[in-house]
Amino acid sequence: FPSNAQDAAGLLRAAIRGNDPAFFLEHRNLLDTPSGRGAYPGDDYVLPFGVGNIITEGTKATIVTWGDMVYRAKEAVEQLGESVEIIDLRTIIPWDEAMVLNSIKKTNRCLIVHEDGIANAFGAEISATITQKAFSYLDAPVMRVAMKDIPVPYNKILMAAVVPTSEEVASALRE
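Residues numbered from 1 in each chain as written. Predicted model: local features only at pLDDT ≥ 70, side-chain atom pairs only at ≥ 80, totals over all residues. Heavy atoms only, no water.

Engineer: How should I be thinking about helix α6 (residues 166-174) in this particular structure?
Structural biologist: Within an α-helix, residues lying three or four positions from one another point in the same direction, as the helix has 3.6 residues per turn. When α6 is considered as a whole, its buried residues turn out to be Ser166, Val169, Ala170, Ala172 and Leu173. Viewed end-on, α6 has its buried residues packed into an arc of 160°, placing them on one side of the element. (Buried < 20%, exposed > 50% of the residue type's maximum accessible area, 1.4 Å probe, protein only. Helix = DSSP H or I, 4+ residues; strand = E, 2+ residues; numbered from the N terminus. Arc of directions from axis to C-beta.)

Here it is, written out as structure tokens:
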């Protein structure tokens, strides 16, 4: 679930070259943004599945996110001016569990930000894993910012009303 053109190229190449079936999700906003028009990384650029990317290093909290929400998380952190680690998972199955757990051990707080509905979504799996494997490191409950549990609208105005905003992410970080 890439957040930029370079990751999309590397992950798609890994999917094509792999022996297992892969379901490749490319965010609709990736196609018409500066991050979606990045420089081509070359024919040999391959990103292995399950390896996240630390977008910003931080000490006060960890944001775990993927796809277009990476940019909303970055905006929120910039609004607050706090030391927040942002992890772009890049892939959700498999996901970089070790990177996330190591970050939680460092920051002691976690906010999961994604576009899917909050109920029964992959963010809940990440939250459960953190709670099971890193509970003793947490100074606060794992929090999630996600879309409301309604059907996904395809009208841009309606979508903007239901997809998490950087302000909602910033508000959850403050909390």
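Engineer: Honestly, the environment of Gly18 in this entry has me stumped. Any pointers?
Structural biologist: For Gly18, the position within the fold is in the loop between α1 (5-17) and β1 (53-56). For Gly18, a relative accessible area of 36% translates into the label partly exposed. Sequence separation between Gly18 and Ile157 is 139 residues, and the spatial gap between their C-alpha atoms is 39 Å.

Engineer: I tried to follow empty space enclosed by the protein on my own but got confused; where do I start?
Structural biologist: The gaps left among the atoms become clear once a water-sized probe is rolled over them. A complete count under the given rule lists 1 cavity of 30 Å³ or more for this structure. Taken together, Pro2, Ser3, His27, Asn29, Leu30, Thr33, Ser35, Gly67, Asp68 and Tyr71 form the lining of the largest cavity. Residue composition of the lining of the largest cavity, grouped by class: 3 nonpolar, 6 polar and 1 charged. (1 Å grid on protein atoms, 1.4 Å probe; cavity = no way out; pocket = protein on both sides within 12 Å on 5 of 7 lines; lining within 4 Å. Points joined across faces, edges and corners; volume = space filled by probe spheres on them. Nonpolar A, V, L, I, M, F, W, Y, C, P; charged D, E, K, R; others polar.)

Engineer: Help me understand the nonpolar core in this model?
Structural biologist: Where a protein is soluble and globular, its nonpolar side chains tend to be buried together. Core analysis: the largest hydrophobic core is formed by 19 residues, its most contacted members being Ile63, Leu111, Val113, Val169 and Leu173. When residues of this core are traced back to their parent elements, those giving at least two are β2 (61-65), α2 (69-80), β3 (84-88), β4 (110-117), β5 (143-147), α5 (156-162) and α6. Core analysis: the second largest hydrophobic core is formed by 17 residues, Leu101, Ile104, Ile130 and Val142 among them. (Core = buried A, V, L, I, M, F, W, Y, C linked by side-chain atoms within 4.5 Å.)

Engineer: Before we go on, may I ask you to explain the packing of aromatic side chains in this structure?
Structural biologist: For any pair of aromatic rings, the description consists of the separation of the ring centres together with the inter-plane angle of the planes. Under the criterion given, the structure shown has 2 aromatic pairs. With 5.9 Å between their ring centres and 75° between their planes, Trp66 and Phe122 make a pair best called edge-to-face. Residue Trp66 is found in the loop between β2 and α2, and its partner Phe122 is found in helix α4 (residues 122-134); the two are separated by 56 residues along the sequence. A residue is classified by how much of its surface remains accessible, and Trp66, at 7% relative accessible area, is buried. Their ring planes at 85° and their centres at 6.2 Å tell us that Trp95 and Phe122 sit as a pair that is edge-to-face. Linking Trp95 in the loop between β3 and α3 (97-107) with Phe122 in helix α4, this pair joins segments that are 27 residues apart in sequence. You can call Trp95 buried: its relative accessible area is 15%. Through a chain of ring-to-ring contacts, the aromatic side chains of Trp66, Trp95 and Phe122 assemble into a single cluster. (Phe/Tyr/Trp six-rings, centres within 6.5 Å; stacked < 30°, edge-to-face > 60°.)

Engineer: Honestly, the packing of α3 against α4 in this entry has me stumped. Any pointers?
Structural biologist: In a pair of packed helices, the angle between the axes and the distance between the axes together describe the arrangement. In the contact formed by α3 and α4, the axes pass within 11 Å of each other and the chain directions differ by 60°. In this view, α3 runs oblique relative to α4, as classed from their interaxial angle. As for how α3 packs across α4, the hand of that crossing is right-handed. Counting all contacts with α3, which are made through Glu97, Val100, Leu101 and Ile104, the residues of α4 involved are Thr129, Ile130, Lys133 and Ala134. Residues that form the contact of α3 with α4 fall into these classes: 5 nonpolar, 1 polar and 2 charged. (Axes fitted to C-alpha atoms, helices over the stretch in contact; angles between N-to-C directions. Parallel < 35°, antiparallel > 145°, perpendicular 65-115°, else oblique. Left-handed = near helix turned anticlockwise from the far one by under 90°. Contact = heavy atoms within 4.5 Å.)

Engineer: It is not clear to me how the sheet that holds β1 should be interpreted in this structure. Could you clarify?
Structural biologist: Hydrogen bonds between backbone groups are what pair the strands of a sheet, and the pairing can be parallel or antiparallel. Pairing is mixed in the open sheet, where 5 strands are placed in the order β1-β3-β2-β4-β5. Each edge of the sheet is formed by a strand with only one pairing partner; in this case those strands are β1 and β5. Here the average twist between neighbouring strands, direction ignored, is 25°. Sheet analysis places β2 next to β3, joined by 5 bridges and oriented parallel. Bridged to Thr62 within β3 is Glu85. (Pairing = 2+ DSSP bridges.)

Engineer: Would you mind showing me how to read the side chain of Arg90 here?
Structural biologist: Looking at the element boundaries, Arg90 is found in the loop between β3 and α3. Within polar-contact distance, the side chain of Arg90 engages the backbone oxygen of Val51 at 3.4 Å. When sequence neighbours within four positions are dropped, the list of residues in contact with Arg90 reads Phe1, Pro2, Asp7, Leu11, Leu47, Val51, Gly52, Asn53 and Trp66. (Polar contact = N/O pair within 3.5 Å; in protein donor to acceptor, adjacent residues only side chain to side chain.)

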